[in-house]
Amino acid sequence: MGNRNSSAQSNEALSPETTAAAAENVSGIFLSEGLQKSMVSDFQSEILKEEWESRQKFVLAKSNQRILAEEQQKQELEKKLSVWKEQDTRVHERLDERLDELKTQFSEAEVEVRHDASRIQSKIGQGPKTGKGNECIDQRVNLSSCFKSGIKNTPLVCDPFLDALENCVQKAITSN
């Protein structure tokens, strides 16, 4: 690269002894080995520093992209949640209205039935009187005991108890 008179030197010419001998014969600026090593080290450090900064910028950019994407996704989910809440509110309002309507209809139907029942009762009069529910208790107990006694092979064993219960029930119905 230098001027036209310069020529490439072989590897032998670059050895320390040759460099020192050449330095005596050639004029120019020569750097000591320590300074050369320091410059190479500084140059490598600068390259590493640039690579590290480049890597940090890349990581930060990716992180910022991820944060932005997460924020956008969060906003979309919040919008969807807001829409869902609005729909939910409308549905609940309609259900509440329908429930109120049904309650009103039920109340009206109840009033109508009570009115019709009282009107029918006034036309027909008082219905049949019913007992206290204790009529024929002895006959029911006797029949139940007969059935539970386990006499299943003999037919018509419990028939007298059954006949007694039927007679008692007929008397209770006809007497009222």
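No experiment lies behind these values; they were computed from the predicted model shown.

(A) Structural context of the overall build of the chain. A tally of regular secondary structure across the chain gives four helices and zero strands. Its helices and strands taken in sequence order, the chain reads α-α-α-α from the N to the C terminus. Taken across its 176 residues, the chain has 5% of its residues classed as buried.

(B) Here's a closer look at the environment of Gln139. Note that Gln139 resides in helix H3 (residues 137–148). Taking the C-alpha atoms as reference points, Gln139 and Pro160, separated by 21 residues in sequence, lie 10.0 Å from one another. Dropping the residues within four chain positions of it, Gln139 is found in contact with Ala164, Leu165 and Cys168.

(C) Structural view of the nonpolar core. Judged by nonpolar contacts, Cys136, Leu143, Cys146, Cys158, Leu165 and Cys168 together constitute the single largest core of six residues. Contributing elements (two or more residues each) for this core: H3 and helix H4 (159–175). If we skip the residues at most four places from it in the chain, Cys146 touches Val157, Cys158 and Phe161.

(D) View of the pattern of salt bridges. Applying the stated criterion to the full structure yields three salt bridges. A salt bridge links Glu101 to Arg98, with the shortest nitrogen-to-oxygen separation between them at 3.4 Å. With Glu101 and Arg98 both in helix H2 (residues 33–124) and three residues apart, the pair spans about one turn of that helix. Among the residues examined, Arg98 registers a relative accessible area of 43% and is labelled partly exposed.

(E) Structural context of the state of the cysteines. Taken as a whole and judged by the stated rule, the model has two disulfides. A disulfide bridge connects Cys146 with Cys158, and the sulfur atoms are separated by 1.7 Å. Negative torsions about the S-S bond denote left-handed disulfides, and the value of about -90° found for Cys146 with Cys158 makes this one left-handed. Within this pair, whereas Cys146 is found in helix H3, its partner Cys158 is found in the loop between H3 and H4, the two being separated by twelve residues in sequence. As far as the burial class goes, Cys146 and Cys158 line up, both buried. Numbered in order of appearance, the disulfide-bonded cysteines of the chain are paired 1-4, 2-3.

(F) Molecular detail of a negative patch on the surface. The grouping of Asp42, Glu46, Glu50, Glu51 and Glu53 at the surface amounts to a negative patch. With respect to the helices and strands, Glu50 occurs in helix H2.

(G) Region of interest: a nonpolar patch on the surface. A contiguous nonpolar surface patch, about 410 Å² in accessible area, is contributed by Ile29, Leu31, Leu35 and Met39. On the secondary structure map, Ile29 appears in the loop between helix H1 (16–25) and H2. The exposed category is assigned to Ile29, whose relative accessible area is 78%.

(H) Main features of the confidence of the model for the chain. Averaged over all residues, the pLDDT of the chain equals 80, while 76% of them reach at least 70. For the chain, per-element mean pLDDT is lowest for H1, which scores 55, and highest for H2, which scores 91. Of the regions scoring below 50 in pLDDT, residues 1–13 engages in four contacts with residues more than four places distant in sequence or in other chains.

(I) Up close: the packing of H3 against H4. For the pair H3 and H4, the least separation of the axes is 9 Å and the interaxial angle reads 155°. Classified by the angle their axes make, H3 and H4 are roughly antiparallel. The two elements H3 and H4 meet at a crossing, and its hand is left-handed. Between H3 and H4, the residues in contact are Gln139, Arg140, Asn142, Leu143 and Cys146 and Phe161, Leu162, Ala164, Leu165 and Cys168, respectively.

Rules and cut-offs
Residues numbered from 1 in each chain as written. Predicted model: local features only at pLDDT ≥ 70, side-chain atom pairs only at ≥ 80, totals over all residues. Heavy atoms only, no water. Helix = DSSP H or I, 4+ residues; strand = E, 2+ residues; numbered from the N terminus. Buried < 20%, exposed > 50% of the residue type's maximum accessible area, 1.4 Å probe, protein only. Contact = heavy atoms within 4.5 Å. Core = buried A, V, L, I, M, F, W, Y, C linked by side-chain atoms within 4.5 Å. Salt bridge = Lys/Arg side-chain N within 4 Å of Asp/Glu carboxyl O. Disulfide = S-S within 2.5 Å. Patch = residues over 30% accessible without salt bridge, like charges linked within 9 Å, V, L, I, M, F, W, Y side chains within 5 Å. Areas by Shrake-Rupley, 256 points an atom, 1.4 Å probe, with all protein chains shown as cover. Lys, Arg positive; Asp, Glu negative; His and termini not counted. Charge placed at Lys NZ, Arg CZ, Asp CG, Glu CD. pLDDT = per-residue confidence, 0-100. Axes fitted to C-alpha atoms, helices over the stretch in contact; angles between N-to-C directions. Parallel < 35°, antiparallel > 145°, perpendicular 65-115°, else oblique. Left-handed = near helix turned anticlockwise from the far one by under 90°.

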